[in-house]
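Structural overview for review
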Protein chains: 2
Amino acid sequence: MSARPRKRRKKGDVASKLRELGEGAVRQIRAGSNPAVQIPARTLANVKYDRKRSIIELGDQTQTRALFNVGQARKYMQTFLVASACKDLLDAAKTTSIRDLYYITKHTIGGTKQNTFEEQEESDPIIEDLEVTIDSLREEMNLFASNRGAMVGDLTLVDAGDTIDLRRLGSGGWSVPSIVEENVIQFKRCNAKMILLVEKDAVWRRLNEDKFWKKHKAILIHGNGMAPRGVRRLCHRMVKELKLPLYVLVDNDPWGFYIYSVVKQGSINLAYESVRMAVPEARFVGLSSFDPKRFDLSSNVFIRLDETDQKRAKQMLAYPWFERKAWQREMHKMLKEGVKLEIEALSSKGISFISEEYLPRKIRERQYLV
Amino acid sequence: MSARPRKRRKKGDVASKLRELGEGAVRQIRAGSNPAVQIPARTLANVKYDRKRSIIELGDQTQTRALFNVGQARKYMQTFLVASACKDLLDAAKTTSIRDLYYITKHTIGGTKQNTFEEQEESDPIIEDLEVTIDSLREEMNLFASNRGAMVGDLTLVDAGDTIDLRRLGSGGWSVPSIVEENVIQFKRCNAKMILLVEKDAVWRRLNEDKFWKKHKAILIHGNGMAPRGVRRLCHRMVKELKLPLYVLVDNDPWGFYIYSVVKQGSINLAYESVRMAVPEARFVGLSSFDPKRFDLSSNVFIRLDETDQKRAKQMLAYPWFERKAWQREMHKMLKEGVKLEIEALSSKGISFISEEYLPRKIRERQYLV
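Residues numbered from 1 in each chain as written. Chains lettered and ligands numbered in written order. Predicted model: local features only at pLDDT ≥ 70, side-chain atom pairs only at ≥ 80, totals over all residues. Heavy atoms only, no water.

What follows covers the layout of surface pockets. Here the largest pocket defines a volume of roughly 500 Å³. What lines the largest pocket is a set of 23 residues, and nearest its centre among them are E209 of chain A together with A93, T95, A160 and V184 of chain B. For the lining of the largest pocket, the secondary structure elements donating two or more residues are α5 (201-209) and α6 (212-215) of chain A. Among the elements that take part in the lining of the largest pocket, α5 of chain A stands out by supplying 3 residues, more than any other. In the lining of the largest pocket, the residues fall into 7 nonpolar, 6 polar and 10 charged. (1 Å grid on protein atoms, 1.4 Å probe; cavity = no way out; pocket = protein on both sides within 12 Å on 5 of 7 lines; lining within 4 Å. Points joined across faces, edges and corners; volume = space filled by probe spheres on them. Helix = DSSP H or I, 4+ residues; strand = E, 2+ residues; numbered from the N terminus. Nonpolar A, V, L, I, M, F, W, Y, C, P; charged D, E, K, R; others polar.)

Next comes the structure, spelled out in structure tokens:
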């Protein structure tokens, strides 16, 4: 944790940064030196939790990747192959999946039996290297992850030139794409006062059917489990640009806490993306281990914590982003009771209990954790 | 396979059928007999493949579930508990997930320590029993499965009262809900000439970005892997009501074939739903084991079939719905070559090869299997 956080964001658009990467290599070759790139280290030792800003960040350590080095030549070649393919994507204004990118860049090197890549497991880390090297998200290089999650609410937005009124999208909603950068998605008329991110699509559907977003002037979004990159980036943008609070509704179990913490701080694996993905202000609205008492839930909805749950909960107690008193109290309570709860457990109090009682009270009485 | 297929569909709306179920029990009790329901058997022996209609169907065998029977009493109680909860849902015009339903119907029976249900694994089969007993889909009882998949295309529809123009939904599209029955979704203006169902969201995104649906007057839908119930039911309805052909684009592997076959014939497990889910006319547009030659694909995109793949492919050879000559030829070719192919492999020929070359040619030259 000794690494200093990187302060500045590299200037220029992504295409320029990719061109600069290539031109740098050409300059090194012309100068007769061993062409090499400096790649920020994506190691635990180079990850830092910034307490003040409440995000996980990458430090300043870098590693060298050189062409004339037996252990690095293959990766050097791959780095430029991926960079070149991304530059082509940007020039063509097309987007593609990381699986596609693997196929696009895979070929047998002329005169040899060597393939540029054998498996996608080889090309994925190169994408991550490139992201940190030119300080851009993969989405900014026109690479997308999975399309998952849906959204409705008191907001109009523009998606790829089409104006979409999220108040009039029926029971299905707008399918959240993976790439939600400014050039694709722009926010227009917004009357919402908050964003509610729910873990489960079934809960989202219940809240949409009850028109929770209408009654409470909200934007309602789900990520179908762990929030995918598109959903996280969109929440980040809405919080910043629309100045709205973000409430997160997940199961009362270590996995739910983890989903919340990734939305809030980012993940350790992909620390470099936190600056543009994390929402440190995100508010956890449960479920909480104190809810059974608060909301008079029957004990027959309890699920016993298994060994993995207990182990995970104990690990989380030590995370710096859960060191606040309220969080410690929450986790100790879970461990003490030895049980977890699903959001659906609220349905035992009535099908619309969640939209008519639980959430309004949690938000009104500010019963959330940060 | 000796069972006769059931010919008629039970008359009346779903709420009436549920009420009739309850009234039947009351009549039996008043008559002093042992209250019992006849439940169509969901067993392999009671499943039949109707070659003429090309769907998997449930036969006429039933089993008795009686109240005064030590082995059946608990399930009898559960059947009526679930039926009653569904009736409440319909009366309240609300929908819920099967997970929710489990919590809604779970309680401790007064004066005992017995819970009505211990796990969702107990309530799910009861839902299936109820579906076959009153001959209705769970969606018609206002129960939903997962929300998955997205759609764009040359079609306007109404979803829960909102008119949605699928030509103007940007890069994200409309998120396909799980319940797509006539009372929720109605089709309006349609200029599409075909429906294209793709297995993968990444491929869907590519085709949407290339505006394939616009150029080829199509409806473009994906199910994010195995098509979920909502996507299948919607395809079934569009084929019937809009009189459009359905093309299915999946990977060239046994799993891709299986996805196609479930869309086409229904699954053995849930044979009773085929009548309202299956699309026997569905056309398989690949990928095919003959495509590498047809489209000049490099062998470095091949993936070797593993043992599980080979076993699955051999099983499928024996399925009656794959007995047509063209399918046998297709599967034998896969086994002979010993390799499979992903849709993304087409990207090795260029990022828009799939939308500009592959699909137009496949459809134009009628290179599909049924």
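Additional details are given in the paragraphs that follow.
All names here are of chain A. This structure, assessed with the given rule, holds 72 salt bridges over all chains. A salt bridge links R233 to E182; the shortest N-O distance between them is 3.9 Å. With R233 in helix α7 (residues 229-242) and E182 in the loop between β10 (174-175) and β11 (185-190), the pair connects residues that are 51 residues apart, well separated along the chain. The exposure class assigned to E182 is partly exposed, which follows from its relative accessible area of 42%. Three or more residues are tied together by salt bridges with common partners; here these are R42, R65, E128, D129, E131, R138, E139, R229, R232 and E273. (Salt bridge = Lys/Arg side-chain N within 4 Å of Asp/Glu carboxyl O. Buried < 20%, exposed > 50% of the residue type's maximum accessible area, 1.4 Å probe, protein only.)

Take the pairing of strand β13 (residues 218-222) of chain A next. All names here are of chain A. Here β13 lies mainly inside the structure; 5 of its 5 residues are buried. Residues A218, L220 and H222 line one face of β13 and the alternating positions I219 and I221 line the opposite face, and both faces are buried. Across 4 bridges, the pairing between strand β7 (residues 150-153) and β13 is antiparallel. Directly across from M151, in β13, lies its bridge partner I221. In terms of strand pairing, strand β12 (residues 194-198) meets β13 through 5 bridges, oriented parallel. Looking at β13, one finds that M194 is bridged to A218. (Pairing = 2+ DSSP bridges.)

Let us now look at unusual backbone geometry. Residues and elements named next belong to chain A. Each neighbour pair has its own omega, and for G286 with L287 the value is 5°, a cis peptide bond. Its location among the elements puts L287 in the loop between β15 (283-284) and α10 (291-294). Backbone geometry places D135, a non-glycine residue, at a positive phi of 55°. Within the fold, D135 resides in the loop between α4 (120-133) and β6 (143-144). A positive phi angle is found at K243, which is not glycine, with a value near 55°. Tracing the sequence through the fold places K243 in the loop between α7 and β14 (246-249).

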